[in-house]
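Observations on the model geometry
One-letter residues, chain by chain:
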Amino acid sequence: VEFSDVLAVVWKEVRVALLCGATLAVCNFAKLLLFDKVTAPVALVVCLTLICTILLSQLIGGILPVAAEKLHVDPAVMASPLITTIVDATTLLIYFNVAKIVLHL
């Protein structure tokens, strides 16, 4: 994969992430409502956060190695810890912002 292929990589990652995120969110929403007896707005917050987190991690996981290769850095060394750190930090921000919007906090 070359740096010039970054748009094709992003497009593929977005499609896969949305499909995976939507599938997991629907299953999780049903589980939260039926088995955990969580209210629908709270379940919606969790599921929207799940979709956004999967999308973000797929994008970062797809773009970061390509960018590392462009900078002549070994993508394998850079990818795992950096992706995990970025996704963990931004997931909290996504979760709290989604909760603020959906739950009107």
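Anyway, here's the lowdown on the structure attached to this text.

Attention shifts here to the overall build of the protein. The helix and strand tally for the protein stands at three helices and zero strands. Each helix (α) and strand (β) of the protein, taken in turn from the N terminus, gives the series α-α-α. Here the C-alpha atoms of the protein give a radius of gyration of 16 Å, more than 25% beyond the 13 Å that 2.2 N^0.38 yields for 105 residues. Each principal axis of the C-alpha atoms in the protein carries an extent, and together these give about 50 × 25 × 20 Å.

Take the state of the cysteines next. Counted by the stated rule, this structure contains zero disulfides. The thiol of Cys20 is not disulfide-bonded; the next cysteine sulfur, from Cys27, is found 10 Å away. Classification of Cys20 by relative accessible area gives partly exposed; the value is 35%.

Counting through the fold element by element, Gly62 comes out in helix α2 (residues 40-70). For the pair Gly62 and Asp5, spaced 57 residues apart in sequence, the C-alpha to C-alpha distance is 11 Å. Excluding its chain neighbours within four sequence positions, the residues that come into contact with Gly62 are Val9 and Glu13.

What follows concerns helix α1 (residues 6-34). For α1, built from 29 residues, the straight-helix expectation of 42 Å at 1.5 Å per residue is met to within 8% by its first-to-last C-alpha distance of 41 Å. Those residues of α1 not exposed but buried are Val6, Val9, Val14, Ala17, Gly21, Ala25, Asn28 and Leu32. On the buried face of α1, the contacting elements are α2.

A cluster of like negative charges, contributed by Glu2, Asp5, Glu69 and Asp74, occupies part of the molecular surface. Structurally, Glu2 can be placed in the segment before α1. By relative accessible area, which is 53% here, Glu2 ends up exposed.

On to the packing of α1 against α2, then. Remark: α1 packs on α2, axes separated minimally by 8 Å, with the N-to-C direction vectors making an angle of 155 degrees. Taken together, the axis directions place α1 and α2 in an arrangement best described as roughly antiparallel. For the pair α1 and α2, the sense of crossing is right-handed. Classifying every residue of the contact of α1 with α2 gives 26 nonpolar, four polar and one charged.

Further remarks concern a nonpolar patch on the surface. A surface patch of nonpolar side chains, amounting to about 270 Å² of accessible area, comprises Val42, Leu103 and Leu105. Turning to its location among the elements, Leu105 is positioned in the segment after α3 (75-102). The exposure class of Leu105 is exposed, given its relative accessible area of 72%.

Among the secondary structure elements, Thr53 is positioned in helix α2. Its relative accessible area of 15% is what places Thr53 among the buried residues. Those residues in contact with Thr53 that sit more than four places away from it in its chain are Val87 and Thr91.

Thresholds, definitions, all that
- In every chain, residue numbers begin from 1 and rise along the written sequence.
- Reporting in this predicted model follows two pLDDT cut-offs: at least 70 for local features of residues, and 80 or more for side-chain atom pairs to be given and counted; totals over whole chains, interfaces and linings ignore these cut-offs and use all residues.
- With hydrogens and water set aside, each side-chain value is computed from the structure's full complement of heavy atoms.
- The numbering of helices and of strands both runs from the N terminus, where a helix is a DSSP run of H or I of at least 4 residues and a strand a run of E of at least 2.
- As a reference, a globule follows 2.2 Å times the number of residues to the power 0.38, and the radius of gyration itself is taken over C-alpha atoms.
- A pair of sulfur atoms, both from cysteines and within 2.5 Å, is called a disulfide here.
- When a residue's accessible area, from a 1.4 Å probe over protein chains only, is under 20% of the maximum for its type it is buried; when over 50% it is exposed; and in between it is partly exposed.
- By definition, residues are in contact when any of their heavy atoms lie within 4.5 Å.
- Each helix should span, by expectation, one fewer than its residue count multiplied by 1.5 Å.
- Only residues whose relative accessible area exceeds 30% and that take part in no salt bridge are eligible for patches, with like-charged residues grouped when within 9 Å of each other and nonpolar side chains (Val, Leu, Ile, Met, Phe, Trp, Tyr) grouped when within 5 Å.
- Here the open area of atoms and residues is found with the Shrake-Rupley method and a 1.4 Å probe, where only the protein chains shown may cover a residue.
- Only one rule defines a salt bridge in this text: a Lys or Arg side-chain nitrogen within 4 Å of an Asp or Glu carboxyl oxygen.
- Counted as positive: Lys and Arg. Counted as negative: Asp and Glu, with His and the chain ends omitted from the count.
- To locate a charge, the coordinates of NZ of Lys, CZ of Arg, CG of Asp or CD of Glu are taken.
- Each axis is a line fitted through C-alpha atoms, taken for helices only over the stretch in contact, and angles between the N-to-C directions span 0 to 180 degrees.
- Here is the rule for angles: anything less than 35 degrees is roughly parallel, anything more than 145 is roughly antiparallel, 65 through 115 is roughly perpendicular, and the remaining ranges are oblique.
- The crossing is said to be left-handed when, going from far helix to near helix, the turn is anticlockwise and less than a right angle, and right-handed when the turn is clockwise.
- Each residue is assigned to one class: nonpolar for Ala, Val, Leu, Ile, Met, Phe, Trp, Tyr, Cys and Pro, charged for Asp, Glu, Lys and Arg, and polar for all the others, Gly among them.

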